[in-house]
2 protein chains.
Amino acid sequence: MTSVGNERNLTIRDVAQRAGVSISTVSRVINGKKVRDELQVNVQRVLNEMNFRPSAVARSMVRGRTQTVGVLVEDISSSYYAEMIKGIERILERTGHHPLFKSSHWNLQLEEEALQVFLDHNVDAIVVVGGLISEARLQDLAARMPLVLVGRVGVSVDAPTINLDQQGGAYGATRHLIELGHRQIVHISGPTSQEDAVARRLGYLDAMRDHGLEVRPDWLCEGDFLETSAFRATMQLIENATPFTAIFAGNDQMALGVNLALHRKGLRVPDDVSVVGFDDLPVSAYVVPPLTTIRQPAQQVGELAAHAAVSLMAGEAAQLAPLDLKLIVRESTRAVRR
Amino acid sequence: MTSVGNERNLTIRDVAQRAGVSISTVSRVINGKKVRDELQVNVQRVLNEMNFRPSAVARSMVRGRTQTVGVLVEDISSSYYAEMIKGIERILERTGHHPLFKSSHWNLQLEEEALQVFLDHNVDAIVVVGGLISEARLQDLAARMPLVLVGRVGVSVDAPTINLDQQGGAYGATRHLIELGHRQIVHISGPTSQEDAVARRLGYLDAMRDHGLEVRPDWLCEGDFLETSAFRATMQLIENATPFTAIFAGNDQMALGVNLALHRKGLRVPDDVSVVGFDDLPVSAYVVPPLTTIRQPAQQVGELAAHAAVSLMAGEAAQLAPLDLKLIVRESTRAVRR
DNA sequence: GTGAAAGCGCTAACAT
DNA sequence: ATGTTAGCGCTTTCAC
């Protein structure tokens, strides 16, 4: 049976001894440097026999690089971030780098701690997704090591930044409803402490204004990007007899909350009320009715961020292809009934 | 402004020099060992001033421990694993350990590679969730280092194993349908290459048999745990005019696929067909109608696994509290129409 | 209690 | 081309 890894804790010395060469020769063989054919073959054989693998820790120590990339997200288990992480994994795997994921749960202190851990562990690059870290701190980081920012709009940090046009996406979502004849459109936003939530709300406001539609104050609700908040907001709306024919939720999770509230109140989607979400989560195509939404290419964002990090680590400039949000029309929206 | 981490790459020598003491004294202060009060205060001040943090890599090198735990899952971005990961993060954070997550995508070779990476990086413990790694290999690993297994039923490896009674859960799901008067119950299982899928199918079969119900061959479908497969299977069932009044899907994602197919064919849930899922994903409570399902306490599983790993690393035996699956009755099931 | 020195496993000069 | 040696930054004997 082939054993996984070293039998005990073998070192390069053990290999050298067994092969009857010096440790540098073993090191050279391991690293594919020039060695006399005869020795090369012999050492390689011993290497295989002993199932030897060099210690990544020792290599990191001497090389000053660890082949790891710190990735800071709000919540690993949230669908959107999870998708992004998948993209990051895929790219880094190819380049022999290892992502180190940390969740900060929208908590500034946890973010700082995570960064500190990355620094302590001497990661070769850091990817910061969203978050509350100050611009100054990010700039500080960027000056010292490869840093890639995702979803931090409006920061002037000297680091490649990947942003999707949240405002434009929200504008498109709202316009879609308007084009279907809706005039009374509610928007349930995410928490205004988050940039994305604010940008999307702005997009909604812009679209309404551009089409000459007034926004009733009670059409603007604030949720927290989770299902329950939107569920409650929608129940409230109905109980208050607020008039509306469509709801644009700040993300798909909240759109689900909206759906359920409408269902509870005996309103049908899309016959009575049209609903649009944002993100296009994997489940969104399968809920009943399938959700019209704005697709965020989360995996691609992750891939792009990883590519940028790899470039930076190689001392090259990062190439940032523009990524687009796309309206995905499914079955939760229809022309307003006249 | 407080800077994150070291200005350049400060070492313990720089601190020693500035504080006018030896590096051992600095080391002692950092590690909270006995040092003369006067020196202690002085060194600590310099430490703070310089914003010094010891290199985790160097510490790992000399201590032989890295404070990291390798966690191998099939797919980080899958809801169920993501929840578990959250539980693992939460516990390890408290003990100062850092999880290193790897996805293996149901690919044996990727699993082996991930393990190898863990070993190379000298992780202090490994948590293997499900997967295809052979029992022999796991035993090999367990003999050499702290290893915790999750969801590997029937392996006789000398390592703490956390298992939920998948078969029992499926039995309960099926019995729930039977108690509602259903007799014609379809089961769409996950891929039979996965232990969980097989166990759940067995639970279904047991329940049917125990209640004297025959299982038509075409009531047993095999999906792949993803929405689409169940969608297709359900469409097929209806097109073949297979008689059924309820469907037990192997997981919630497939239950969503079932829902959509029923919707497409004009069948109502639960009025025409009852549907039960498995897992209780965060979204399951918010789809319309809210899904009746078997709750797997994914986060708790993660927490338990992390606790076990921590115990093992401390040289203690792991305490494994039993975790239960629970039937969550929501609105996708109702008594069969007579 | 404190400092000098050895050494964790490896790579990269530097000799040979 | 190969071996010898000096560290990488830290912890930990071991003397004092």
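Residues numbered from 1 in each chain as written. Chains lettered and ligands numbered in written order. Predicted model: local features only at pLDDT ≥ 70, side-chain atom pairs only at ≥ 80, totals over all residues. Heavy atoms only, no water.

Caption draft 1: Highlighting helix 6 (residues 108–120) of chain B. Residues and elements named next belong to chain B. The end-to-end C-alpha distance of helix 6, which contains 13 residues, comes to 18 Å, matching closely the 18 Å that a straight helix rising 1.5 Å per residue would cover. Listed in full, the buried residues belonging to helix 6 are Leu110, Glu111, Ala114, Leu115, Gln116, Val117, Phe118, Leu119 and Asp120. Measuring from the backbone nitrogen of Gln109 back to the side-chain oxygen at the start of helix 6 gives 2.8 Å, which picks out Asn107 as the cap. Where helix 6 terminates, the next one or two residues include Asn122, which has phi positive at roughly 60°. (Helix = DSSP H or I, 4+ residues; strand = E, 2+ residues; numbered from the N terminus. Expected span 1.5 Å × (residues − 1). Buried < 20%, exposed > 50% of the residue type's maximum accessible area, 1.4 Å probe, protein only. Polar contact = N/O pair within 3.5 Å; in protein donor to acceptor, adjacent residues only side chain to side chain.)

Caption draft 2: Seen up close, a nonpolar patch on the surface. A surface patch of nonpolar side chains, amounting to about 400 Å² of accessible area, comprises Met61 and Val62 of chain A together with Met61 and Val62 of chain B. Of all elements in the fold, only helix 4 (56–63) of chain A together with helix 4 (56–63) of chain B reach the threshold of two or more residues within the nonpolar patch. Locating Val62 of chain B in the fold gives a position in helix 4. For Val62 of chain B, a relative accessible area of 67% translates into the label exposed. (Patch = residues over 30% accessible without salt bridge, like charges linked within 9 Å, V, L, I, M, F, W, Y side chains within 5 Å. Areas by Shrake-Rupley, 256 points an atom, 1.4 Å probe, with all protein chains shown as cover. Salt bridge = Lys/Arg side-chain N within 4 Å of Asp/Glu carboxyl O.)

Caption draft 3: Representation of the sheet that holds strand 3 (residues 125–129) of chain A within the structure. Residues and elements named next belong to chain A. On the basis of which strands lie adjacent, the open sheet formed by five strands has the order 2-1-3-4-5 and parallel pairing. Of all the strands in the sheet, the pair left with one neighbour each is strand 2 (98–103) and strand 5 (161–162). Pairing of strand 3 with strand 4 (residues 147–150), which is carried by four bridges, proceeds in the parallel orientation. Counted as the bridge partner of Val128 is Leu149 from strand 4. (Pairing = 2+ DSSP bridges.)

Caption draft 4: Structural view of the interface of chain B and chain A. Of the residues lining the interface, 61 residues belong to chain B; the matching set on chain A comes to 61 residues. Here chain B meets chain A over a buried area of about 5,300 Å², counting both sides, of which 59% is carbon and sulfur. Scanning the region where chain B abuts chain A turns up six salt bridges. Counting every contact that joins chain B to chain A gives 16 residue pairs in polar contact (both at pLDDT 80 or more). (Contact = heavy atoms within 4.5 Å. Buried area = accessible area lost by both parts, 1.4 Å probe.)

Caption draft 5: Spatial organisation of the protein's contact with DNA strand C. Neighbouring DNA strand C are 25 residues; Ile12 and Arg59 of chain A together with Thr25, Arg28 and Arg36 of chain B lie closest to it. Expressed as a percentage, the sugar and phosphate content of the atoms of DNA strand C within 4 Å of the protein is 65%. With respect to DNA strand C, the side chain of Arg28 of chain B contributes an N or O atom lying 2.7 Å from a base oxygen. Going through the elements one at a time, helix 2 (23–30) and helix 4 of chain A together with helix 2 (23–30) and helix 4 of chain B are the ones with two or more residues in the surface near DNA strand C. In the surface near DNA strand C, the residues fall into twelve nonpolar, eight polar and five charged. (Near = heavy atom within 4 Å. Nonpolar A, V, L, I, M, F, W, Y, C, P; charged D, E, K, R; others polar.)

Caption draft 6: Inspection of the domain arrangement of chain A at higher detail. One can read the domain layout of chain A as domain 1 (4–63), domain 2 (68–164 + 298–321) and domain 3 (166–295). Using C-alpha coordinates to define each centre, domain 1 of chain A is positioned 34 Å away from domain 2 of chain A. (Domains from an automatic or database assignment.)

Caption draft 7: Structural detail: helix 2 of chain A. Residue and element names in this part refer to chain A. All of the buried residues along helix 2 are Thr25, Val26 and Val29. An end-on view of helix 2 places all buried positions within 100° of arc, on one side of the element. The inward-facing, buried residues of helix 2 contact helix 1 (12–19) and helix 3 (37–50). Just beyond helix 2, the residue with positive phi is Gly32, at close to 65°. (Arc of directions from axis to C-beta.)

Caption draft 8: Structural context of the relation of the copies chain B and chain A. Once turned by 180° and shifted 0.0 Å along the axis, chain B lies on chain A with an RMSD of 0.1 Å. Here the two chains are linked by the operation of a two-fold rotation axis. (Least-squares fit on C-alpha atoms with pLDDT ≥ 70 in both.)

Caption draft 9: Layout of the UniProt feature "domain: HTH lacI-type" (unreviewed entry) in chain A. UniProt records the feature "domain: HTH lacI-type" (unreviewed entry) at residues 10–63 of chain A, using the numbering of this structure. Each end of residues 10–63 of chain A is marked by a C-alpha atom, and these two atoms are 20 Å apart; helix forms 70% of the span and strand 0%. (UniProt positions renumbered as here; feature names shortened; annotations may be inferred.)

Caption draft 10: Here's a closer look at the protein's contact with DNA strand D. The immediate surroundings of DNA strand D are formed by 25 residues, with Ser24, Thr25 and Arg36 of chain A together with Ile12 and Arg59 of chain B found nearest. For DNA strand D, the backbone makes up 61% of the atoms found within 4 Å of the protein, where backbone means sugar plus phosphate. Contact distances for DNA strand D include 2.5 Å between a phosphate oxygen and a side-chain N or O atom of Thr25 of chain A. Between Ile12 of chain B and DNA strand D, the recorded distance is 2.4 Å, taken from a backbone N or O atom to a phosphate oxygen. The set of elements that each furnish at least two residues to the surface near DNA strand D consists of helix 2 and helix 4 of chain A together with helix 2 and helix 4 of chain B. Residues that form the surface near DNA strand D fall into these classes: twelve nonpolar, eight polar and five charged.

Caption draft 11: Quick look at the pairing of strand 4 (residues 147–150) of chain B. Residues and elements named next belong to chain B. Residues Leu147 and Leu149 point to one face of strand 4 and Val148 and Val150 to the other, with burial holding for every one of them. With helix 7 (residues 135–144) bridging strand 3 (residues 125–129) and its parallel neighbour strand 4, the resulting β-α-β unit is right-handed. Relative to strand 5 (residues 161–162), strand 4 is paired through two bridges, and the arrangement is parallel. Bridge pairing in strand 5 places Val150 opposite Ile162. (Right-handed = clockwise from strand over helix to strand, strands pointing away.)

Caption draft 12: The arrangement of the nonpolar core in detail. Counting 145 residues, the largest nonpolar core has Val127 and Ile188 of chain A together with Val127 and Ile188 of chain B as its most contacted members. Beyond its immediate stretch of four places on either side in the chain, Ile188 of chain B contacts Cys221, Gly223, Ala230, Ala233, Thr234, Ile247, Phe248, Ala249, Gly250, Met254 and Val258 of chain B. Ranked by size, the runner-up nonpolar core spans 38 residues in total, among them Leu115, Ile126 and Leu149 of chain A together with Ala159 of chain B. (Core = buried A, V, L, I, M, F, W, Y, C linked by side-chain atoms within 4.5 Å.)

Caption draft 13: Fine view of the side chain of Thr66 of chain B. Secondary-structure assignment places Thr66 of chain B in the loop between helix 4 and strand 1 (68–73). A distance of 2.8 Å separates a polar side-chain atom of Thr66 of chain B from the backbone oxygen of Asn122 of chain B. In this view, Thr66 of chain B contacts Val57 and His121 of chain A together with Ser60, His121, Asn122, Val123 and Asp124 of chain B; residues no more than four positions away in its chain are not counted.

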